[in-house]
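Architecture and fold: a report
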Amino acid sequence: MSAMLLNKEKWPEFVGKLTGKNVWAPQSDGTEMRFAPVGENEKVVLDYNNTRVPPKGALFPQTETMFKFEIGSDKVEEPPLDQEVVVLGLRPCDARAMTIVDKLFKWDIDDPYFVKRQEKTTLVGLACNEPGLNCFCTSVGGGPAATEGLDVIMADLGENYFVEALTDKGKALLDETRDLLEDADDDAQKQKEKLSGEAEDKIKRSVETEGVPEGLPGLWDDPLWPRVSASCLGCGTCTYLCPTCHCFDIQDETEGIDARRCRMWDSCMFSEYTLHTSGHNPRPTRKERTRNRINHKYSYYVDKFDVIACVGCGRCTNLCPVNIDIIEILRQVKEAL
Amino acid sequence: MDLELLRKTGAEVAARDDVKYLLGWKQGTYGYRVAPAFVENAAGAAELIFSPLCTANLATYLTLVEQLPVPRGEEPDTRKVALMVKGCDSRAVTQLLVEKGIERDEVVVIGCPCPGVVDPALLAEKYPETEEPAEMKWDGEDFLLIRNGEETKISRDELLAEKCRLCRYPNPVVSDEMLGEPVETWAPGEDKGVEEVEAKDVDSRLEYWMDQFDKCVRCYSCRNVCPLCYCQDCILDRLNPTWVNRSVNFSENTAFNIARAFHLAGRCIECGECERVCPANIPLGKINRKLARDVRDKYGFEPGVDPEAEPFQASYKPDDPEDFIL
């Protein structure tokens, strides 16, 4: 589909045109960038590296109310999932992550919540010109200007954004804003490609994945696991901030006779995650949990869905309080193979 | 800090028959990161460091390590755990002793007099992190940053962590062995962070905390990193009854954060780890410091200073002030 340009001065107007929909975009709360619904006074910021919390919540919210009910009555109410959502300015790694969790949520049966949200959501990505310190997307099948999972890709060319629709949904969105866009010439196309090439060169860290998916199960009792997990705090930072982590728990919550069934993110790094009612825990220590996290991403998921469940966004490494570094773990895995 | 002395002492302690491992700090995998080191033998001590980047409070590992049932026919491992502590970290050890979370003969404490560590977020903001691991040293009154072979002198005021600015115990209050001479203490500055929030009226204070707790993702890194959050069965994990719902929203997040704050009143030793690790950047230190200040001002009690003290929340004196109780 044809490439277009959006002058940066017209950006607020572009966002304004989408107000009938629920627009999610990166915003600054003064200290941090995060994806949040755009209100009237909030300013969308596109000049950012990446948000700490990924935008996976657009399709898989941290807390999803599945239905509401009243204790002692047959009344059940399902919240409608008919709101159109536009996610603006997400990074290619985060969009690609959504295609990875897509396989799980549409595996044996379609997950209605994910599927309905996905149908109503348009993803407008922003290519990275300045990758972060721990970015390694190019090692795991992505790239700073990758388009997988996106409906529209944008790239910052300085004065203008390069804008290109990639799907029908994306085309429809650009049709609505057509009067703000102008056709991109070949120079713009070339500039975009040059910037994405430069961005790739700026990625400093990398992992070697060859032989890892097949080899990991054989390292079950390897001394690398106690070594890399000794300092783990057992918190949920790495998993909650991971754009491909998709585990959830389901709970009924009540307030008086009003009740709701919710599902919420869960983390395999928590001790209660695998805790049995009997008190037995098949993953009793942080060693087993860390091993599971790496195996799940780099072996089990590959086995089942033929793709590594890691997009190289670097969040787990950036934000681990005790410097547990997934790149270093994979280096040690390779060494042990 | 003399690195040679640190490593020599570390090697001696790690080699002891009655020591399981020594907890210290080592260079991290990139940039300014420092990782906890579990040193099991003398050779392992060669990687130990102590620098203004050593923010982590290692006392949390004393209670974090899972106690698995001992297999039939085997003896439990009763060896001690050795750990290196800064002043604030040593207060956590003391408080654990007061609460009988640990016994004195279970630990070997190596004290590291601490001139103050940097605020890692501030450091990375002002001097962007590089892929290559960087080093940092104390240089008189200043910090010395060494990255890619280049040395940069940075004034202490520019990068000193807030918890260190307010610190009154830079020298470990409990230790079996002290590395080097005690550092000179300094006058703690004003706690502007707490005072700013205190100065707000009730509505804007509520609004301030609503905005903060709204960001919480309930990863529980604050709880897990906290050396004094060591309940085996945390109230937050209970399902029957469910004290705090799993739903992540302002109301439940607030319940969680308030529960944690109150459970730490008179126990928090202000090591600032909760605030450092929070991926949502919630200024948790302000809550804990406010409670610590109230306990200090109103009851004259400071946790983690005297190993013989009675636990604050478990003690009562007839003349305890009560004029602020509703």
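Our next topic: the sheet that holds strand S11 (residues 248-255) of chain A. Residue and element names in this part refer to chain A. In space, the 4 strands of this open sheet follow the order S5-S4-S12-S11, with antiparallel pairing throughout. What marks the edges here is a single partner per strand, and that holds for strand S5 (76-77) and S11. With 2 bridges joining them, strand S4 (residues 63-70) and S5 adopt antiparallel strand pairing. Paired with Lys68 across the strands is Glu77, a residue of S5.

Residue and element names in this part refer to chain A. Each domain of chain A was delimited in the assignment, giving domain 1 (3-202) and domain 2 (212-336). Between the C-alpha centres of domain 1 and domain 2 the distance comes to 26 Å. Listed as interface residues are 38 residues of domain 1 and, on the opposing side, 41 residues of domain 2. In terms of surface lost to domain 2, no three residues of domain 1 exceed Lys56, Gln62 and Phe136, which account for 17% of the buried area on that side. Between the two partners, domain 1 and domain 2, sit 2 salt bridges. Counting across the domain 1 and domain 2 interface gives 20 residue pairs in polar contact (both at pLDDT 80 or more).

This part is about the nonpolar core. The biggest cluster of nonpolar side chains holds 94 residues, and the ones touching the most others in it are Tyr298(A), Trp25(B) and Val93(B). Val87(A), Leu123(A), Ala127(A) and Tyr208(B) belong to the second largest nonpolar core, which has 52 residues in total.

This brings us to unusual backbone geometry. As a rule of thumb, non-glycine residues mostly have phi less than zero, and peptide bonds are mostly trans rather than cis. A cis amide bond, omega 0 degrees, links Asn240(B) with the succeeding residue Pro241(B). Topologically, Pro241(B) is positioned in the loop between helix H9 (221-225) and helix H10 (250-263). With a phi close to 65 degrees, Asp306(A) is a non-glycine residue in the positive phi region. Looking at where Asp306(A) falls in the secondary structure, it is placed in the loop between helix H9 (286-305) and helix H10 (315-319). The backbone of Glu270(B) shows a phi angle near 60 degrees, a positive value even though the residue is not glycine. Tracing the backbone shows Glu270(B) in the loop between H10 and helix H11 (273-277). The buried category is assigned to Glu270(B), whose relative accessible area is 19%.

What follows concerns the sheet that holds strand S9 (residues 160-165) of chain A. Residue and element names in this part refer to chain A. Taken together, the 8 strands give an open sheet; going across it, the order is S3-S2-S6-S7-S8-S9-S1-S10, and neighbouring strands pair in mixed fashion. The open sheet has two edge strands, strand S3 (33-37) and strand S10 (181-183), and neither has a second partner. When the angles between neighbouring strand axes are averaged without regard to direction, this sheet yields 25 degrees. One ladder, built from 3 bridges, connects strand S1 (residues 3-7) with S10; its direction is antiparallel. In the strand pairing of S10, Leu5 is matched with Glu182. Set on the sheet, helix H5 (residues 186-202) makes contact with S1, strand S8 (152-156) and S9; between it and S9 the angle comes to about 95 degrees.

Before going further, it helps to spend a moment on empty space enclosed by the protein. Vacant regions in the atomic arrangement are exposed by a probe of water-molecule size rolled over the atoms. Residues and elements named next belong to chain B. Per the stated rule, a full pass over the model turns up 10 cavities of 30 Å³ or more. Volume-wise, the largest cavity comes out at about 350 Å³. Within the residue set of the lining of the largest cavity, elements represented by two or more residues are helix H3 (87-98), helix H6 (162-165), H9, H11 and helix H12 (284-299). Of the residues belonging to the lining of the largest cavity, the class tally is 19 nonpolar, 5 polar and 8 charged.

In this section: the interface of chain A and chain B. Contact residues are listed per partner, giving 41 residues for chain A and 38 residues for chain B. Three residues, Leu133(A), Leu233(A) and Asn323(A), lead the burial of chain A against chain B; their summed loss comes to 18% of the area buried on that side. Summed over the shared surface of chain A and chain B, the number is 3 salt bridges. Across the salt bridge formed by Arg286(A) and Glu66(B), the nearest N and O atoms sit 2.9 Å from each other. Here chain A is connected to chain B by 19 residue pairs in polar contact (both at pLDDT 80 or more).

On to the environment of Asn171(B). All names here are of chain B. With respect to the helices, strands and loops of the structure, Asn171 is situated in the loop between H6 and strand S9 (177-178). Note: C-alpha distance between Asn171 and Thr63 (108 residues apart in sequence) is 23 Å. Setting aside its immediate chain neighbours within four residues, Asn171 contacts Gly87, Pro113, Pro182, Val183 and Thr185.

Turning our eyes to something else, we now look at helix H3 (residues 112-119) of chain A. Among all positions in H3(A), only Tyr113(A), Phe114(A) and Val115(A) are buried. Residues of H3(A) that are buried make contact with S4, helix H2 (92-105) and strand S12 (258-265) of chain A.

Glancing now at the packing of aromatic side chains. All names here are of chain A. A complete count under the given rule lists 21 aromatic pairs over all chains for this structure. With a centroid separation of 5.5 Å and an interplanar angle of 20 degrees, the aromatic rings of Trp11 and Phe14 are classed as stacked. Here Trp11 and its partner Phe14 are both found in helix H1 (residues 11-17), 3 residues apart, which amounts to about one turn of the helix. Residue class for Phe14 comes out buried when judged on its relative accessible area of 0%.

All names here are of chain B. Most of strand S2 (residues 34-39) is tucked away: 5 of the 6 residues are buried. Strand direction decides the pairing type here: strand S1 (residues 19-27) and S2, joined by 6 bridges, are antiparallel. Across the sheet, the residue bridging to Gly24 is Ala37, located in S2. The turn joining S1 and S2, which pair antiparallel and follow one another in sequence, is formed by 6 residues; a positive phi near 50 degrees is taken by Gly31.

This part covers helix H8 (residues 202-214) of chain B. Residue and element names in this part refer to chain B. For H8, spanning 13 residues, the distance from its first C-alpha to its last is 18 Å, which sits close to the expected 18 Å at 1.5 Å a residue. The set of residues buried in H8 consists of Tyr208, Trp209, Gln212 and Phe213. In a view along the axis of H8, the buried residues occupy a sector of 125 degrees, so they form one face of it. A distance of 3.1 Å separates the backbone nitrogen of Asp203 from a side-chain oxygen at the start of H8, and that oxygen is part of Asp201.

Thresholds applied
- Residues numbered from 1 in each chain as written.
- Chains lettered and ligands numbered in written order.
- Predicted model: local features only at pLDDT ≥ 70, side-chain atom pairs only at ≥ 80, totals over all residues.
- Heavy atoms only, no water.
- Pairing = 2+ DSSP bridges.
- Helix = DSSP H or I, 4+ residues; strand = E, 2+ residues; numbered from the N terminus.
- Domains from an automatic or database assignment.
- Contact = heavy atoms within 4.5 Å.
- Buried area = accessible area lost by both parts, 1.4 Å probe.
- Salt bridge = Lys/Arg side-chain N within 4 Å of Asp/Glu carboxyl O.
- Polar contact = N/O pair within 3.5 Å; in protein donor to acceptor, adjacent residues only side chain to side chain.
- Core = buried A, V, L, I, M, F, W, Y, C linked by side-chain atoms within 4.5 Å.
- Buried < 20%, exposed > 50% of the residue type's maximum accessible area, 1.4 Å probe, protein only.
- Axes fitted to C-alpha atoms, helices over the stretch in contact; angles between N-to-C directions.
- 1 Å grid on protein atoms, 1.4 Å probe; cavity = no way out; pocket = protein on both sides within 12 Å on 5 of 7 lines; lining within 4 Å.
- Points joined across faces, edges and corners; volume = space filled by probe spheres on them.
- Nonpolar A, V, L, I, M, F, W, Y, C, P; charged D, E, K, R; others polar.
- Phe/Tyr/Trp six-rings, centres within 6.5 Å; stacked < 30°, edge-to-face > 60°.
- Expected span 1.5 Å × (residues − 1).
- Arc of directions from axis to C-beta.

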